[in-house]
Amino acid sequence: MLAALRIRSNDPELMDNFQGDAAALQRVLDDINNVNKILGGNAITVSMVARLMEQNPQEHYTIMDVGCADGTMLRAMADYCRKKAIKAAFIGIDLNTKALTLAKNASTDYPEIRYLEQDVLKLEQVDLNCDILTTTLMTHHFTDSQLEVLLAQFALLVNTGVVINDLHRSPTAFVLFKLFSLFFIRTETAKIDGLISIRKGFRKKDLARFAIQLPQMSHTIKWKWAFRYVWIMQPKRPISI
């Protein structure tokens, strides 16, 4: 099994076609959110968004989270902006109707967040331009050819930058997740999908190969604990004379 990690898997995850009710979906998402909280995954995205805002100060930001699920990441970013008195509006994009219902119910105290049900491979530039685009644990769900389409769309949509936070495909991560799930993950779906997700994750050379196809963007790819890559894409600016 560990030898198979040399190549990205295209195996489907249970969450790609989840058949349970909203309560069952919430239990799985709670597991995923708990993993992100314990291992610092959410903090990675928030800190990178904060850095982009510091480097590109403006009076108001529009921040879009693609594959937002129950909106946990959006609320974390909104909380950060509230704490720092930064004016921002947020858009959550997902195709899962049940997840979006959970997101809206959990975000009633966040009028700055709105949610849209839409296929992320068919994002419309006219309606969804934003300053910063984020996506966490979402890109690994797609095949390489689908990712080429998705990343090209991201480059068209953003004015300031894209923050991609996803898994490092690593034998060590695979083994450690098995141990971690024994103690911190309750649902069988999250346990199974966690291992599939690692097999569908990335190595740095994979991300660098995608980056080459977007020469209009500057790219920074860094490894973060626990077995994540954060990839920042920013539009290249004309040199002023």
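Look a little higher up for the structure.
Here the structure is a predicted model, which means the values were calculated and not measured. (Residues numbered from 1 in each chain as written. Predicted model: local features only at pLDDT ≥ 70, side-chain atom pairs only at ≥ 80, totals over all residues. Heavy atoms only, no water.)

Draft legend 1. Expanded view of unusual backbone geometry. Looking along the chain, the bond that leaves W225 and enters A226 is cis, with omega of 0°. As for its position among the elements, A226 is in the loop between β6 (217–224) and β7 (228–235). Phi angles above zero are rare outside glycine, and A69 is one such case at about 55°. Tracing the backbone shows A69 in the loop between β1 (61–66) and α3 (72–83). (Helix = DSSP H or I, 4+ residues; strand = E, 2+ residues; numbered from the N terminus.)

Draft legend 2. Up close: the pattern of salt bridges. Following the criterion strictly, the structure yields 7 salt bridges and no others. Note that R209 and D144 form a salt bridge whose closest N and O atoms lie 3.2 Å from each other. Residue R209 is located in helix α9 (residues 204–212), and its partner D144 is located in helix α6 (residues 144–157); the two are separated by 65 residues in the primary sequence. Where D206 meets R169, a salt bridge forms, and the shortest distance between an N and an O atom there is 2.9 Å. On the criterion of sequence distance, the pair formed by D206 in helix α9 and R169 in the loop between β5 (158–167) and α7 (171–184) is long-range, its members being 37 residues apart. Overall, the relative accessible area of 6% leaves D206 in the buried class. (Salt bridge = Lys/Arg side-chain N within 4 Å of Asp/Glu carboxyl O. Buried < 20%, exposed > 50% of the residue type's maximum accessible area, 1.4 Å probe, protein only.)

Draft legend 3. Structural view of the packing of α7 against helix α8 (residues 188–199). In contact at an axis separation of 10 Å, α7 and α8 are set at 170° when each is read in the N-to-C sense. The orientation of α7 with respect to α8, classified from their angle, is roughly antiparallel. Between α7 and α8, the contacting residues are A173, F174, F177, K178 and S181 on the first element and A190, K191, G194, L195, I198 and R199 on the second. Its residues placed into classes, the contact of α7 with α8 shows 6 nonpolar, 2 polar and 3 charged. (Axes fitted to C-alpha atoms, helices over the stretch in contact; angles between N-to-C directions. Parallel < 35°, antiparallel > 145°, perpendicular 65-115°, else oblique. Contact = heavy atoms within 4.5 Å. Nonpolar A, V, L, I, M, F, W, Y, C, P; charged D, E, K, R; others polar.)

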